[in-house]
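Next come the chains, spelled out residue by residue.
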Amino acid sequence: MTRHVWSEGTPIYRQLMELLLARIMDGTYAEGALLPSVRQLASDYQINPLTVAKAFQELAIEELAEKRRGIGFVVKPGVRLALQNRERARFLREEWPTIKARMQRLGIDPRTLLDD
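Here is what the cut-offs are and how they apply
Residue indices begin from 1 for each chain and proceed along its sequence in written order. Totals for whole chains, interfaces and linings use all residues, but because this is a predicted model, local features are given only for residues with pLDDT of at least 70 and pairs of side-chain atoms are given and counted only at 80 or more. Each side-chain value is worked out from all heavy atoms of the structure, with water and hydrogens disregarded. Helix and strand definitions follow DSSP, with helices as H or I runs of at least four residues and strands as E runs of at least two, each counted in order from the N terminus. For the radius of gyration, the atom set is restricted to C-alpha positions; the globular benchmark scales as 2.2 Å times the number of residues to the power 0.38. Type-normalised accessible area, obtained with a 1.4 Å probe on protein chains alone, sets the label of each residue: buried when under 20%, exposed when over 50%, and partly exposed for intermediate values. Contacts were defined at the residue level, with two residues in contact if any of their heavy atoms lie within 4.5 Å. What sets the accessible areas is the Shrake-Rupley method with a 1.4 Å probe; for residues, cover comes only from the shown protein chains. Whenever two N or O atoms come within 3.5 Å, that pair is a polar contact, provided that in protein one can donate a hydrogen and the other can accept it, and provided that, for residues adjacent in sequence, both atoms are side-chain atoms. Exposure above 30% relative accessible area and the absence of a salt bridge qualify a residue for a patch, where like charges join within 9 Å and nonpolar side chains (Val, Leu, Ile, Met, Phe, Trp, Tyr) within 5 Å. Salt bridges are identified by distance alone: a Lys or Arg side-chain nitrogen within 4 Å of an Asp or Glu carboxyl oxygen. As used in this record, nonpolar core signifies buried Ala, Val, Leu, Ile, Met, Phe, Trp, Tyr and Cys residues forming a set joined through side-chain atoms within 4.5 Å.

Engineer: Even after reading the chapter, I still don't get the overall build of the chain, so can you show me in this structure?
Structural biologist: Assigned secondary structure in the chain consists of five helices and two strands. Secondary structure of the chain in N-to-C order comes out as α-α-α-β-β-α-α. The C-alpha atoms of the chain give a radius of gyration of 18 Å, which is well past the 13 Å a tight globule of 116 residues would have. Oriented by its inertia axes, the alpha-carbon framework of the chain measures out at about 55 × 30 × 25 Å. Residue burial in the chain is summarised as follows: out of 116 residues, 25% are buried. Sequence-distant contacts in the chain: of pairs separated by 6 or more residues, those separated by 24 or more amount to 56%. Here the chain displays about 8100 Å² of accessible surface, and carbon together with sulfur accounts for 53% of that area.

And the structure:
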């Protein structure tokens, strides 16, 4: 596995959570699928197992994954759609206004982007 570079300023467990959520959204981890183990992720990303455990704990608190005794953490049903809705709302609230303003400054017609 290639070495992952963690950003400064954001806790690694949060960054790992976002990485796992992105993989749920892109279908790498399907709903109902078992997530990699704490040990596996700690080894893959060269981080402390307690950091991975914290990320899993947060996924469970946010009801995005659930712990199954003796098995591990499983992606909850319905999570992918909920994540898409959450990310879509965040994009429209936080990113789109900046992109839209820049497009207007540059004279880019959004319809031309759809033709490409």
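Engineer: Sorry, what's going on with the side chain of Gln15 here?
Structural biologist: Relative to the helices and strands, Gln15 resides in helix H1 (residues 12–25). A polar atom in the side chain of Gln15 sits 2.7 Å from the backbone nitrogen of Ser7. With residues up to four places along the chain from it excluded, the contact list for Gln15 reads Trp6, Ser7 and Thr10.

Engineer: Which parts of the structure should I look at to understand a nonpolar patch on the surface?
Structural biologist: A cluster of nonpolar side chains, Leu92, Trp96 and Ile99, forms an exposed patch at the surface whose accessible area comes to about 250 Å². Mapped onto the elements of the fold, Ile99 is located in helix H4 (residues 79–106).

Engineer: Would you explain the nonpolar core in this entry?
Structural biologist: Considering soluble globular proteins, one finds that nonpolar side chains tend to be buried as a cluster. Among the nonpolar cores identified, the biggest contains 23 residues, and Leu16, Leu35, Phe56 and Leu59 are the most heavily contacted of them. Of all the secondary structure elements, the ones that give two or more residues to this core are H1, helix H2 (38–45), helix H3 (49–61), strand E2 (72–75) and H4. Considering each element in turn, this core owes the most residues, six residues, to H1.

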